[in-house]
Amino acid sequence: MKAPFLNAIKERVLVLDGAMGTMLQERGLRPGQSPEELNLVMPDIVAGVHRAYLDAGADIIVSNTFGGTRFKLVNFGLEGKVAEINARGVEIARQVAGDRAYVGASIGPTGKFVEPLGDVSFDEMADAFREQARALINAGADFITLETFLDIKEIRAAVIAIRELSRDIPVVAQLTFEDNGRSVLGTPPEAAAITLEAAGADVIGSNCGLGPDGIYAVLAAMRKVTRLPLISQANAGLPQLVEGKTVFPATPEDMTSFHDRLLDLNVRIIGGCCGTTPGHIRAMRDALDGKNQGLRDCGPDPRVMFLSSRTGFAAVGGNEPVAIIGERINPTGKKAFAEELREGKVSYIRREAMEQVATGATLLDVNVGAPGIDEPAAMERAVFCVTQTTGVPLVLDSSSPDALERGLKAADGKVLINSVNGEQKSMDRVLPLAKKYGAAVIGLTLDETGIPETAEGRLAVASRILDAARSHAIPDRDMVIDCLTLTVSAEQKRALETLKAIRRVKADLGLKTVLGVSNISFGLPQRPRISSVFFSMAMEAGLDAAIVNPKEEAMMGAFRAAMVLLSKDSHAQAYIDAYKGVQATQATPVVEERPRDVKDRLRLAIIEGDEENIVAIVEAALAEGMVPLQISNEGLLPGLEEVGRRFEKNIFFLPQVMRSADTMHKAFARLKQELQGGGIASLGRILMATVEGDIHDIGKNIVCTLLENHGFEVIDLGKNVKADRIVAEALNQGVDAVGLSALMTTTMAEMERVIARLHEAGVKTFTMVGGAVVTQDYADSIGADLYARDAMEAVAKVKKLLGK
């Protein structure tokens, strides 16, 4: 009898099977047919693939259910058979595996983006995954494996949905990365690991996209922030076209070259992805025999808490520098901001987010509680705005459980909730949300009786909060205690009691601490003088995080100096970087002045993705006498070009690019009105299509959007488009170029056929190709005029190709 799955991976490294799609294609899967449909109409073929891998030595057989969500099955008219297809997939795998192997139930991405990048809500995405997971669990899967996800927000929704169904089913979660070390949407491995562990995954790692060396680098980065078991599923190299067939060049021996290093990282599951065959799996099995497969003690300092966003992460506690939580996104005492919230605007939020990060904030507190507003809706807008504007993790600050939950759904990563307190009703409301959505929590040392006067009283409240958090299975490392800063002008002796409480919480409970530091000086003149000194005292007492205004130089100066003196700034490098070149009597500049010239304002609005104000700025440009072409060429396009430069340097990522593109679209829409329905002269007409047999169109859609916003006219034929239609439309529309996209190795060969048909028909256009599996060598071999690895490169190359 097999040991439970999670026990088994502690005892030895398990070998997972290889590619499913290419094996099914070789055995009868038709172009354009749903692979999952074979579970119903050709189960023997699916079973044959499973059997081949089992005979090769696989310990894990993965079900043929990768595209089993309703979002994927609707492309084949099978959305009404979600339960049947997924259950049958597990049953087939179970029948083959018997007691010889574990059955992992595969769930893949939906092909949709979650709001605000896409048009699918968090709840809609979670519902789709919950529907599929329910069928897989009920059919008897040993665990669920989430594979080949590109969007951290989508896979986070999947893990949370599964955990709503079952706390017991093991969950393996894998993101796919590019050779720049990030996902296509800009997520680094560390942020992915933090987010997935917090959401409830049991094993994390990466599959597809990279070969063994690339996957190793990703897992090594993950190991720095997690102690969870890891999984490696590398491709058999990058695909090549040989005699009209897609071939993956890595040999079985190549796939085992990183085994020793993977074992040292505590990788507990090793398998294959695209291009791997039973031969590769047999080699992996053989290579593990005789090796020490015991658990390694590796990973981060267990005292450290990690938080994450889509594109970044932060460490809090241990010997890490004190985390600076920017406090400025809070309507208290800010009438203009409160009015913006009531009007549903986010300009203040965007500006403060950027400025606070620029001046040193490592986390951003988001508070939108003001009279007369819909706080849950405002929290969602604020989270969307901040996550699209900066890459730092968030602190969600609200006393409303509904607003907190809305913000938790809107977030891309692991956030910190501010806050829970010692009242039972507070703990009953907040702690379940923290557990469900994988958040850390600030605990305020107050309860029904108020704030205890002594450090011992505050310690007692903190202890009760900790016990309650443990009862909800929230790890101690994710609890941060606020010992509360009281106004020294009114309660002078209690300032020292707060510092004593910090020391007691750390010594007695082993928890991290946080303070809203500036409260200390309320009601006094020259507040930064008092606040900065108290801040320094608190840091010496062991403070781990501080809620402050990072634009106040007195506070940031105290912080930087303290980090040097407390040995939390190695070689004083951060201090030197902040103050080199600054004269002794010179105040450090905190924020660059906003541009006043309308051309610069247009450019900056595109860079920042300021959809809210771009039309007003265009109106201002028109009022100054600028003509539409001048507005476009001298204001808007330079902004978009700067976005492209930042994207190339990994300063911006796809979400920021798309936000800028949406802003550009609004500006162009206004300019077209000025031209009485006409448009600015097109740079060219581009026909775009995903080739026949391929239902993936996310990448193609992004290229279309960016081409349009750079001045091209785009004719988008959609996905799964036959060659005949592409040729006919290219002739009828008189296009300058045809762009073809493919995501799957099984459909990329269709690109060659389309290009050949275009040439045969005498279509005199340029051709460009792209997609996750396409390479420059492949593009050259099929006669394409250009290859683009991403949307921004596609725009740049098309401009060059057409002499624009």
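Refer to the preceding data block for the structure.
Below or above, wherever it landed, is the structure these notes cover. This one's a predicted model, so the numbers in the text were calculated from it and none came from an experiment.

### So, the overall build of the chain
Link 1 in the chain: Looking only at helices and strands, the chain has 31 helices and 25 strands in total.
Link 2 in the chain: On C-alpha atoms alone, the chain measures out to a radius of gyration of 28 Å, which is about the 28 Å that the 2.2 N^0.38 rule sets for 804 residues.
Link 3 in the chain: The principal-axis extents of the C-alpha atoms in the chain amount to approximately 85 × 80 × 50 Å.
Link 4 in the chain: Long-range pairs, those at least 24 residues apart, make up 74% of the contacts in the chain between residues at least 6 apart in sequence.

### Some points on the side chain of lysine 700
Link 1 in the chain: In this structure, lysine 700 sits in helix 27 (residues 698–709).
Link 2 in the chain: Lysine 700 sits in the buried class, given a relative accessible area of 2%.
Link 3 in the chain: Side chain to side chain, lysine 700 and asparagine 701 meet in a polar contact 2.9 Å long.
Link 4 in the chain: Here aspartate 716 takes part through its side chain, which lies 2.8 Å from a polar atom of the side chain of lysine 700.
Link 5 in the chain: Each residue touching lysine 700, except ones within four places of it in the same chain, is listed here: Met688, Ala689, Thr690, Asp716, Gly718, Lys719 and Ser741.

### Describing the pattern of salt bridges
Link 1 in the chain: Counted by the stated rule, this structure contains 53 salt bridges.
Link 2 in the chain: Ionic pairing is found between aspartate 123 and lysine 409, a salt bridge with its closest N-O pair at 2.9 Å. On the criterion of sequence distance, the pair formed by aspartate 123 in helix 7 (residues 122–138) and lysine 409 in helix 16 (residues 401–410) is long-range, its members being 286 residues apart.
Link 3 in the chain: With a shortest N-O distance of 3.2 Å, glutamate 750 and arginine 753 are connected by a salt bridge. Remark: arginine 753 and glutamate 750 occur in helix 29 (residues 749–760); sequence separation between them is 3 residues, near one turn of the helix.
Link 4 in the chain: The exposure class assigned to arginine 753 is partly exposed, which follows from its relative accessible area of 39%.

### Considerations on the sheet that holds strand 19 (residues 512–516)
Link 1 in the chain: The 8 strands are arranged 13-14-15-16-17-18-19-20 in a closed barrel whose pairing can be described as parallel. Direction aside, neighbouring strands of the sheet carry axes that sit 30 degrees apart on average.
Link 2 in the chain: Of the pairings in the sheet, the one linking strand 16 (residues 416–421) to strand 17 (residues 440–444) comprises 5 bridges and is parallel in character. Its bridge partner being in strand 17, asparagine 418 is matched across the sheet by isoleucine 442.

### Observations regarding the packing of aromatic side chains
Link 1 in the chain: Applying the stated criterion to the full structure yields 7 aromatic pairs.
Link 2 in the chain: Ring geometry for phenylalanine 5 versus tyrosine 102: centroids 5.8 Å apart, planes at 70 degrees, classification edge-to-face. On the criterion of sequence distance, the pair formed by phenylalanine 5 in helix 1 (residues 5–11) and tyrosine 102 in strand 3 (residues 102–107) is long-range, its members being 97 residues apart. For the pair phenylalanine 5 and tyrosine 102, a shared accessibility class is recorded, and that class is buried.
Link 3 in the chain: Taking 4.9 Å as the distance between ring centres and 55 degrees as the angle between the ring planes, the aromatic pair formed by tyrosine 575 and tyrosine 579 counts as tilted. Of this pair, tyrosine 575 and tyrosine 579 both sit in helix 22 (residues 573–579), 4 residues apart, which is roughly one turn of the helix.
Link 4 in the chain: In this structure an aromatic cluster arises from ring pairing among Phe5, Tyr102 and Phe143.
Link 5 in the chain: Seen from the ring of tyrosine 216, arginine 261 lies directly overhead, with NZ or CZ sitting 5.6 Å from the centre.
Link 6 in the chain: Over the aromatic face of phenylalanine 258 sits the side chain of arginine 261, whose NZ or CZ is 4.0 Å from the ring centroid.

### Points about the pairing of strand 19
Link 1 in the chain: Strand 19 sits mainly inside the fold: 5 of its 5 residues count as buried.
Link 2 in the chain: Residues Lys512, Val514 and Gly516 of strand 19 are buried on one face, and the alternating residues Thr513 and Leu515, pointing to the opposite face, are buried as well.
Link 3 in the chain: Alignment of strand 18 (residues 479–482) against strand 19, held across 3 bridges, turns out to be parallel. Bridge pairing links valine 480 to lysine 512 in strand 19.
Link 4 in the chain: Following the chain from strand 18 across helix 19 (residues 494–509) to the adjacent parallel strand 19, one finds a crossover that is right-handed.
Link 5 in the chain: Inspection of the sheet shows strand 19 paired to strand 20 (residues 545–548) by 3 bridges, in the parallel sense. Paired with leucine 515 across the bridge in strand 20 is alanine 546.
Link 6 in the chain: For the crossover that starts at strand 19, traverses helix 20 (residues 527–541) and ends in the parallel strand 20, the hand is right-handed.

### Considerations on unusual backbone geometry
Link 1 in the chain: In this chain, glutamate 115 is followed by proline 116 through a cis amide linkage whose omega measures 5 degrees.
Link 2 in the chain: Note that the residue after asparagine 418, namely serine 419, is joined by a cis bond; omega there is 25 degrees.
Link 3 in the chain: Its location among the elements puts serine 419 in strand 16.
Link 4 in the chain: For asparagine 650, which is not glycine, the phi dihedral falls at a positive 60 degrees.
Link 5 in the chain: Given a relative accessible area of 32%, asparagine 650 falls into the partly exposed group.

Cut-offs and rules
Residues numbered from 1 in each chain as written. Predicted model: local features only at pLDDT ≥ 70, side-chain atom pairs only at ≥ 80, totals over all residues. Heavy atoms only, no water. Helix = DSSP H or I, 4+ residues; strand = E, 2+ residues; numbered from the N terminus. Rg over C-alpha atoms; globule rule 2.2 N^0.38 Å. Contact = heavy atoms within 4.5 Å. Buried < 20%, exposed > 50% of the residue type's maximum accessible area, 1.4 Å probe, protein only. Polar contact = N/O pair within 3.5 Å; in protein donor to acceptor, adjacent residues only side chain to side chain. Salt bridge = Lys/Arg side-chain N within 4 Å of Asp/Glu carboxyl O. Pairing = 2+ DSSP bridges. Axes fitted to C-alpha atoms, helices over the stretch in contact; angles between N-to-C directions. Phe/Tyr/Trp six-rings, centres within 6.5 Å; stacked < 30°, edge-to-face > 60°. Lys NZ or Arg CZ within 6 Å of the ring centre and 35° of its normal. Right-handed = clockwise from strand over helix to strand, strands pointing away.

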